[in-house]
Each structure stands twice: as structure tokens, then as C-alpha cells.
Amino acid sequence: MLIDSYNLILGLCVALGIGLLIGAERERRKITRSGHKAAGIRTFAIASLLGAVSVMLGETILLGIALLIVGQLALVAYRRTRDQDPGMTTEIALLLTCLLGGLAMSKPLLSAGLGTVLVSLLLARSRIHNFVKSVLSEQELHDAILFLAATLILLPLAPDLPMGPFQAINPHTIVSLIVLIMGISAIGHIATRILGYRYGLPLVGFASGFISSTATIHAMGIRAAKAPTQLPAAVAGAVLSSIATILQTALIIFFIQPDLIKLLYKPLLFGGVVAALYSLVFTIKGLSIKGVDHEGNSGHAFGFKTAIVFAAILSSVMLVSAALTAWYGPRGVLFAAGFSGLVDAHASAASVATLVAHNKMMLKDAVLPVLVGLTSNTIVKGIVAMQSGGTRYASQVVPGLVLILVAVWLGLL
């Protein structure tokens, strides 16, 4: 009985606190805006307590009746004030406050957390509006909607079971990897937007490496060929993009098969450290460059076409790897990993990790194919460096790539 009384008092206190907190914010909003506002601190506090008392007396049925009453009153108030303020934030917040008051009687911590989130959204009104209108570009808004759609709609709907020839395709795994690639790329884009290009090409190269290290090395080579004075910064950006490749590979493997990363963390760590050390001198020189071009600063947050291509590559690689494994055993996976690594190191690592996760390959047999895929991908990067930036650019990028490979294989030993 004592416990029930304690929970009852706790729920009522949380409900009252939520109503007062949200009402205080709306009350201050009334002061800053002309015209009559229907709801202030007292109204919100009463609405929250109404929801709490409704649950206490009549459970969900009485709470539903209370919500209908509050909704009708909010609608009447909106019709009276919509000429001065066409927004419906206060009315919707009032309904949610009543609902949170009812929730406080059974889940006070959850209710308090949601109430804090609501107050934070109300307080951040100006900053949110300014961010969407002035900071966030139309393309970035489109990308954000696309990412949320993939995360909240496509991912839950993707079936989580192996299918297709050799049972090699898992739609949920593929969509999860697409979302992961999009998310990592968006983080790199956000970092670039916040810090700007004034820190030079190394930061841009590192951030772009999460999208495509090979494409980044190509872009840096084009820049170095056109502006030889930017060669050190371009080399730093190219080598740092390989660090992004290593980090992304590690994250993908950890996401699919965490046990596999325990066998690969030393090679990947050694390769990342060597890349960081090699690029240090070029990074210092690159950071001293002034007036780096800001063009493209508010473009795509991630390459959706790149993510789709990645899904197609991954599906093909998983199918080929499963077929070669079934026909030739571990040697078939090794060949498939080297072949797919020529196109994408992440797809190669993901396909091998997926085979391990589905118990189609032994954990110890997966280490070598991952490193072979990373090696073949690095060879392609060296060829791209020569093709895009010429001999001078490649002569400084390729040694760094070679040292990274040496460190990776030494890490295996």
C-alpha cells in the first residue's frame, strides 16, 4: 500500500512538473508575441493533471475522453487566434501535455523524458527555423528526408532472412549497410560544413574518403595537376582518405560480425597509424594553404547513387563469394575477395563478414580474404593516382599506400 501511494504521488508530481515546465515556456512565448494566447502556464499545468487524474480514475477510457475535451477546447482557441498566429504549436503541445500527464502515472521517467524533449523543441524554435531556412540547403534537406525514409521505413520492412541462390542474399543486411554508409558519409559532410574548408584539403580528403577513397584520390589528383602549389595538401587528403576506408571497413565488419574485428583490429590499426604518420608532414603543409575554394560546401550529404551501386556490388559479391565457396572452399572466397576489392574494399569485407555471420565460413578463414580485398583496392588507388595527378602526385601518394599495405600485413603477423 505504501508503494502504491508512493507511485501515485510520484506520478502526480511528474505530471504537475511537466505541465508547469511546458506552460512556463509557452507563457514566456505569450510575452514576446502580440495578441491573445489561449494557453499559458496554468492551462498546461491543469491539462497535465487532468491527464494524470483521468488515468488514475478511469484508465485509458477516461483519458481518451479528457483528450477529446482538451482537443475541442484547443480547436476553439485556434479558431479565435489563427488570424494573429496561424501556427498550431501551442494547441498540439497542449494535447501532448495532457497525454504525458496520463503517461506519468504508469511510466514517470519516460513521461519526464518526453516532456523535456518537448520543452527543448519549443525553446529551440528560432534556432531550428534558422537552421532549416538559412543553414540547411534544399539538397541537404532532401538527403535528410531520404536518410530518414531509408532508416525508418525501408530498414524495418526489409526481411531478415537469407534467400536467393546459395542462400547468399539477406535484404535486411544489405539495407542496413546502405544506411550505415549513408550515415557515415553524412557525418563527414556535417563535419565539413561545421569546420569549413579553411582547414585545407586534408580535412576534405578525410571526410570524402567515407564516401569513396578512390574517388577522393582521383579528385585530389585533378586538383594537384591543375594547381601544383596545392600538391602537399592534395597528397595529405588522398592518404587520409585511406584512413577513412580503414575506419569504414572496421565499422562494417563490426556491424556484421563483431567477432571478426577481434582478429583484424591489429592489421587495421597498424595501417591507420602509418597512414596518419605519413600524411602528417603533408597535412601541416596543407593546413597552411589559404583561400581554399568553398564550392560544393552545401551539396549532397551522401551519394545515394553510390549507396545503390554499393548494394548492387554487395549483392553480386555475396552471390559470387557464396558460389565460389560452395564450389572451391576457402580458396574461392579468397579469389572473390580480391576480385571485388578492385571495385570496393567495403563490399569485399562486408561479403566475407556476412558469410561468417551466416556460418558459411570459419572465423579464422575470413581474415585473409578481407586483407586481400583491401590490398587489391589499394592497388587500384595507386593506378588512379597516376592517371589523375601525374607522376609527381603519384610518386608521393603511392609510397604512402605501399607503407599502409606493409603495415597491414605486418599487423597480421
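In this report, we go over the structure that sits alongside the text. Predicted model, so just to flag it, every value in this text is computed and none were measured. (Residues numbered from 1 in each chain as written. Predicted model: local features only at pLDDT ≥ 70, side-chain atom pairs only at ≥ 80, totals over all residues. Heavy atoms only, no water.)

## Some remarks on the overall build of the protein
Broken down by element type, the protein carries 15 helices and zero strands. Counting every position in the protein, which comprises 413 residues, the buried fraction comes to 47%. Contacts spanning at least 24 positions in sequence make up 75% of the contacts within the protein whose residues lie at least 6 apart. As displayed, the protein has an accessible area near 21,200 Å², and 71% of this comes from carbon and sulfur atoms. (Helix = DSSP H or I, 4+ residues; strand = E, 2+ residues; numbered from the N terminus. Buried < 20%, exposed > 50% of the residue type's maximum accessible area, 1.4 Å probe, protein only. Contact = heavy atoms within 4.5 Å. Areas by Shrake-Rupley, 256 points an atom, 1.4 Å probe, with all protein chains shown as cover.)

## Quick look at the nonpolar core
It is characteristic of soluble globular proteins that their nonpolar side chains tend to be buried jointly. In terms of nonpolar packing, the biggest core is built from 43 residues, with Leu260, Leu264 and Tyr393 touching the most fellow members. Of all elements in the fold, only α9 (213–226), α10 (231–256), α11 (258–287), α14 (345–357) and α15 (367–412) reach the threshold of two or more residues within this core. Sort the elements by how many residues they give to this core and α15 lands first, with 13 residues. Each residue touching Tyr393, except ones within four places of it in the same chain, is listed here: Ile217, Met220, Gly221, Ala224, Leu231, Ala234, Val235, Ala238, Ala385 and Ser388. Counting 21 residues, the second-largest nonpolar core is a separate cluster that includes Ala15, Ala47, Ala52 and Leu94. (Core = buried A, V, L, I, M, F, W, Y, C linked by side-chain atoms within 4.5 Å.)

## Digging into the pattern of salt bridges
Applying the stated rule across the entire model yields two salt bridges. For the salt bridge of Glu25 with Arg26, the shortest nitrogen-to-oxygen distance reads 2.7 Å. Arg26 shares its class with Glu25; the two are buried. (Salt bridge = Lys/Arg side-chain N within 4 Å of Asp/Glu carboxyl O.)

## Some thoughts on a nonpolar patch on the surface
A surface patch of nonpolar side chains, amounting to about 920 Å² of accessible area, comprises Leu8, Ile9, Val53, Met56, Leu57, Ile61, Leu62, Ile65, Ile69 and Leu73. The set of elements that each furnish at least two residues to the nonpolar patch consists of α1 (2–32) and α2 (41–81). For the nonpolar patch, the element with the most residues is α2, which contributes eight residues. As for its placement among the helices and strands, Ile61 is situated in helix α2. (Patch = residues over 30% accessible without salt bridge, like charges linked within 9 Å, V, L, I, M, F, W, Y side chains within 5 Å.)

## A closer look at helix α4 (residues 108–123)
Taking 1.5 Å per residue, 16 residues should reach 22 Å; α4 reaches 22 Å between its end C-alpha atoms and fits that length. Among the residues of α4, Pro108, Ser111, Gly115, Leu118, Val119 and Leu122 are the ones counted as buried. For α4, the angular spread of buried residues about the axis comes to 100 degrees, placing them on one side. Of the residues in α4, the exposed ones pointing more than 90 degrees away from the buried face are Leu109 and Leu121. (Expected span 1.5 Å × (residues − 1). Arc of directions from axis to C-beta.)

## Observations regarding the packing of helix α3 (residues 89–103) against α4
With their axes 9 Å apart at the nearest point, α3 and α4 run at an angle of 165 degrees to one another. Accordingly, the angle class assigned to the pair α3 and α4 is roughly antiparallel. In the packing of α3 onto α4, the handedness of the crossing is left-handed. Packed against α3, whose contacting residues are Thr89, Ala93, Leu96, Thr97, Leu100 and Leu103, the element α4 presents Pro108, Leu110, Ser111, Leu114, Gly115, Leu118 and Leu122 at the interface. (Axes fitted to C-alpha atoms, helices over the stretch in contact; angles between N-to-C directions. Parallel < 35°, antiparallel > 145°, perpendicular 65-115°, else oblique. Left-handed = near helix turned anticlockwise from the far one by under 90°.)

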